[in-house]
Amino acid sequence: LDGANPNGPLSWGSDGRLYGVLKHRGLHVASGGQGALFSIPTNGTGVQLIHNFGQSTNSPNYPAGRLFEGGDGNLYGTTERIGTAFGGALYRIAKDGSGFTMLHSFTNATDGDRPVVGVVERGDGRLYGATSQAGTGTSGQFGTLYSIDQSAGDFLVHHAWRTDGAHGTDGSHPDGE
């Protein structure tokens, strides 16, 4: 597997394999690969590339955070960037690498920027996550708490960390598990 810089904790899949993200490179280095998803059995043999992220315009890249297996058996994850711009993306992909779908492209504005912590699923059919930057305005970039309906794509911002003061007044920059 050609890649570097694991960028999030490993996740257990329902198939008994471990799943993870590599921030840099990927299988097709010559085509500008910017990260990869992989799976590996617990005995360490048979590493498989699931998806290679490219550097083309509007293509999510630099995956980050923990992959999450939803109740539908698909993996959900986030990227730090899209193409050459910040913002990031939330995506869904089957464990065999098929069916890659971008669910939301973050705009580096009120919806957030750099969703680096991954997502979790709740029984209401929504995925919940956080961005580490952006939020309510241009004067501060302290992050958002968001959710998205998996089937309808309805995206909501539940909280934007405040932008007044050097580090906000109710916390800032969520970044971690």
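Only a predicted model underlies this, so the values are computations on that prediction, with no experimental measurement involved.

Draft legend 1. Just the sheet that holds strand β12 (residues 144-149), in detail. On the basis of which strands lie adjacent, the open sheet formed by 4 strands has the order β10-β11-β12-β13 and antiparallel pairing. Only two strands of the sheet have a single neighbouring strand rather than two, namely β10 (119-121) and β13 (155-160). Within this sheet the neighbouring strands show an average axis-to-axis angle of 20°, counted without direction. Taken together, the 5 bridges between β12 and β13 define a ladder with antiparallel strand orientation. Note on β13: the bridge partner recorded for I148 is F155.

Draft legend 2. Region of the structure containing the pairing of strand β3 (residues 17-24). Summarising burial for β3: 6 of the 8 residues are buried, a large majority. The pairing of strand β2 (residues 11-12) with β3 spans 2 bridges and is antiparallel. Looking at β3, one finds that S11 is bridged to Y19. Hairpin connection, β2 to β3: the antiparallel pair is bridged by 4 residues, and G16 has positive phi, about 85°. Where β3 and strand β4 (residues 36-41) come together, 6 bridges link them in antiparallel fashion. Residue pairing in the sheet places L18 in a bridge with I40 of β4.

Draft legend 3. Broad picture of the environment of G99. Position of G99 relative to the elements: it lies in the loop between β8 (85-93) and β9 (101-105). Overall, the relative accessible area of 53% leaves G99 in the exposed class. Considering only alpha carbons, one finds G99 and N74, 25 residues apart in sequence, at a separation of 9.2 Å.

Draft legend 4. How the structure looks around the pairing of strand β5 (residues 48-52). Across 4 bridges, the pairing between β4 and β5 is antiparallel. In the sheet register, F38 faces β5, and the bridge partner there is L49. Here β4 folds back onto β5 in antiparallel fashion, the turn holding 6 residues, of which G44 has a positive phi close to 85°.

Draft legend 5. Geometry of the packing of aromatic side chains. Taken as a whole and assessed by the stated rule, the structure comprises 6 aromatic pairs. The interplanar angle of 65° and the centroid separation of 5.1 Å between the aromatic rings of F106 and Y146 together place this pair among those described as edge-to-face. Placement of the pair is F106 in the loop between β9 and β10 and Y146 in strand β12, with a sequence separation of 40 residues. A residue is classified by how much of its surface remains accessible, and Y146, at 0% relative accessible area, is buried. Among the aromatic residues, ring-to-ring pairing joins F53, Y91 and F100 into one connected group.

Draft legend 6. Just the pattern of salt bridges, in detail. For the structure shown, the criterion picks out 4 salt bridges. Between K95 and E69 there is a salt bridge, and its shortest N-O distance comes to 2.9 Å. Of the two residues, K95 is situated in the loop between β8 and β9 and E69 in strand β6 (residues 60-69); the sequence distance between them amounts to 26 residues.

Draft legend 7. Structural detail: the nonpolar core. Core analysis: the largest hydrophobic core is formed by 9 residues, namely Y19, V21, L37, I50, F53, L67, L75, Y91 and I93. Secondary-structure elements contributing two or more residues to this core are β3 and β8. If we ignore the near neighbours within four places in the chain, the residues touching I93 are L37, I50, H51, N74, L75, S98, G99 and F100. The next biggest cluster of nonpolar side chains, apart from the first, holds 8 residues, and it includes L90, F106, L127 and I148.

Draft legend 8. Spotlight on the environment of T101. Residue placement: T101 occurs in strand β9. Measuring from C-alpha to C-alpha, the distance between T101 and L90 comes to 8.8 Å, with 11 residues separating the pair along the chain. The residues contacting T101, other than those within four sequence positions of it, are L90, Y91 and R92.

About the thresholds
- Residues numbered from 1 in each chain as written.
- Predicted model: local features only at pLDDT ≥ 70, side-chain atom pairs only at ≥ 80, totals over all residues.
- Heavy atoms only, no water.
- Pairing = 2+ DSSP bridges.
- Helix = DSSP H or I, 4+ residues; strand = E, 2+ residues; numbered from the N terminus.
- Axes fitted to C-alpha atoms, helices over the stretch in contact; angles between N-to-C directions.
- Buried < 20%, exposed > 50% of the residue type's maximum accessible area, 1.4 Å probe, protein only.
- Phe/Tyr/Trp six-rings, centres within 6.5 Å; stacked < 30°, edge-to-face > 60°.
- Salt bridge = Lys/Arg side-chain N within 4 Å of Asp/Glu carboxyl O.
- Core = buried A, V, L, I, M, F, W, Y, C linked by side-chain atoms within 4.5 Å.
- Contact = heavy atoms within 4.5 Å.

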